[in-house]
Amino acid sequence: MKIIRTAVMSDLDAVASVEAECFPPAEAATKEEFAERLRYYGDYFWLMFEDDKLIAFVDGFVTDEKDLTDEMYEKASMHNENGAWQMIFGVNTLPAYRKQGYAGELIREAIRTAKNQGRKGLVLTCKDALVPYYTKFGFQNEGISGSVHGNVVWNQMRLVF
Ligand SMILES: CC(C)(COP(=O)(O)OP(=O)(O)OC[C@H]1O[C@@H](n2cnc3c(N)ncnc32)[C@H](O)[C@@H]1OP(=O)(O)O)[C@@H](O)C(=O)NCCC(=O)NCCS
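Residues numbered from 1 in each chain as written. Predicted model: local features only at pLDDT ≥ 70, side-chain atom pairs only at ≥ 80, totals over all residues. Heavy atoms only, no water.

A. Expanded view of the overall build of the protein. Secondary structure assignment for the protein yields five helices and nine strands. The C-alpha atoms of the protein give a radius of gyration of 14 Å, which matches the 15 Å a tight globule of 161 residues would have. Taking the principal axes of its C-alpha atoms as reference, the protein extends roughly 35 × 30 × 30 Å. A burial count over the protein gives 50% of its 161 residues as buried. A sequence separation of at least 24 residues applies to 64% of the contacts in the protein between residues at least 6 apart. Summed over its atoms, the accessible surface of the protein is roughly 8000 Å², and 51% of this surface lies on carbon and sulfur atoms. Between the centroid of the 18 positive side chains of the protein and the centroid of its 24 negative side chains there is a distance of 6 Å. (Helix = DSSP H or I, 4+ residues; strand = E, 2+ residues; numbered from the N terminus. Rg over C-alpha atoms; globule rule 2.2 N^0.38 Å. Buried < 20%, exposed > 50% of the residue type's maximum accessible area, 1.4 Å probe, protein only. Contact = heavy atoms within 4.5 Å. Areas by Shrake-Rupley, 256 points an atom, 1.4 Å probe, with all protein chains shown as cover. Lys, Arg positive; Asp, Glu negative; His and termini not counted. Charge placed at Lys NZ, Arg CZ, Asp CG, Glu CD.)

Next comes the structure, spelled out in structure tokens:
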């Protein structure tokens, strides 16, 4: 059975290990970074479990800053519960569970939450190949972002309610 829920500190090992399976080391957030993120904004992780196994998750904090910066990935303490924008820092599905709509379900859950909480919208960065994927959820591409995370070119995309 699949369930979606937000995160607590005891999810740390599972979250870090899914991340390590989904991203190359230069791009993957570390366990220490996730510990900080869970401390400040576990409520802004959307986890999908199949029975007891974590198979996919989405995370990102809330801020009044309009643009997603590299500093945000590292500084979980910048989370502002009353901020205008829901950032999305990570979208991950374990390889064996891809192309079944799981990331999509979690993105929709994040969008629903942000809307219910009265945010202005959501912001994420992604590689060129995923621009059409996020467009399907209503995100619009704003072009090359300032992010140099993992020495990759990132596009910034925004969904405005
Ligand atoms: C990107 C990523 C999160 C997608 O996860 P996912 O759970 O496979 O995502 P979805 O199933 O929602 O969608 C993936 C594709 O499968 C398709 N799909 C969804 N349900 C499907 C189904 N039942 N049957 C066949 N295809 C399906 C979607 O249409 C989508 O296709 P598209 O890319 O052509 O639009 C995953 O591949 C991943 O973790 N990649 C590595 C990390 C990464 O790059 N993350 C993004 C950072 S910006």
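Resuming the write-up.
B. Looking closely at the site of the ligand. T93, K99, G101, Y133 and K136 are the nearest of the 18 residues found near the ligand. Contact distances for the ligand include 3.0 Å between an oxygen atom and a backbone N or O atom of A103. Here Y133 contributes a side-chain N or O atom positioned 2.7 Å from an oxygen atom of the ligand. Notes on the ligand: free accessible area 940 Å², of which the protein chains cover 66%. The cavity where the ligand resides is the largest pocket. Of all the elements in the fold, those that place two or more residues in the shell around the ligand are strand 6 (90-93), helix 4 (102-116), strand 7 (121-126) and helix 5 (131-135). Taken together, the residues that form the shell around the ligand break down as nine nonpolar, six polar and three charged. (Near = heavy atom within 4 Å. Polar contact = N/O pair within 3.5 Å; in protein donor to acceptor, adjacent residues only side chain to side chain. 1 Å grid on protein atoms, 1.4 Å probe; cavity = no way out; pocket = protein on both sides within 12 Å on 5 of 7 lines; lining within 4 Å. Sits in = over half its atoms within 2 Å of the grid points. Nonpolar A, V, L, I, M, F, W, Y, C, P; charged D, E, K, R; others polar.)

C. View of the nonpolar core. By size, the foremost hydrophobic cluster in this structure holds 51 residues, and its most contacted members are F45 and F139. Broken down by element, the residue count for this core peaks at six residues, all from helix 4. If we ignore the near neighbours within four places in the chain, the residues touching F45 are R5, T6, A7, V15, F34, R37, L38, F57, V58 and D59. (Core = buried A, V, L, I, M, F, W, Y, C linked by side-chain atoms within 4.5 Å.)

D. Seen up close, the packing of aromatic side chains. Under the defined criterion, the tally for this structure stands at twelve aromatic pairs. Centroid distance Y41 to F89: 6.4 Å. Interplanar angle 70°. Geometry classified as edge-to-face. Of the two residues, Y41 sits in helix 2 (residues 31-41) while F89 sits in the loop between strand 5 (85-88) and strand 6, which places them 48 residues apart along the sequence. In terms of burial, Y41 and F89 fall into one category: buried. The rings of F34, Y41, F45, F57, F61, Y73 and F89 are connected pair by pair, giving a single aromatic cluster. Just above the ring of W85 sits the side chain of R158; from NZ or CZ to the centre is 4.6 Å. (Phe/Tyr/Trp six-rings, centres within 6.5 Å; stacked < 30°, edge-to-face > 60°. Lys NZ or Arg CZ within 6 Å of the ring centre and 35° of its normal.)

E. The arrangement of the pattern of salt bridges in detail. This model, assessed by the stated rule, comprises ten salt bridges. Linking D13 and K31 is a salt bridge whose minimum nitrogen-to-oxygen distance equals 2.6 Å. Of this pair, D13 sits in helix 1 (residues 12-22) while K31 sits in helix 2, placing them 18 residues apart in sequence. Take D13: its relative accessible area is 49%, and that puts it in the partly exposed class. Across the pair E71 and K75 runs a salt bridge, and its minimum N-O distance is 2.9 Å. Of the residues examined, E71 reaches a relative accessible area of 37% and is grouped as partly exposed. The structure contains a network of salt bridges with shared partners spanning D67, E142 and R158. (Salt bridge = Lys/Arg side-chain N within 4 Å of Asp/Glu carboxyl O.)

F. Just the layout of surface pockets, in detail. The computed volume of the largest pocket comes to approximately 850 Å³. F23, V91, N92, L130 and Y134 are the residues nearest the centre of the largest pocket, which is lined by 36 residues in total. The set of elements that each furnish at least two residues to the lining of the largest pocket consists of helix 1, helix 2, helix 3 (70-74), strand 6, helix 4, strand 7 and helix 5. Take the lining of the largest pocket: its biggest share by element is four residues, from strand 6. Classifying every residue of the lining of the largest pocket by side-chain character gives 19 nonpolar, eight polar and nine charged. (Points joined across faces, edges and corners; volume = space filled by probe spheres on them.)

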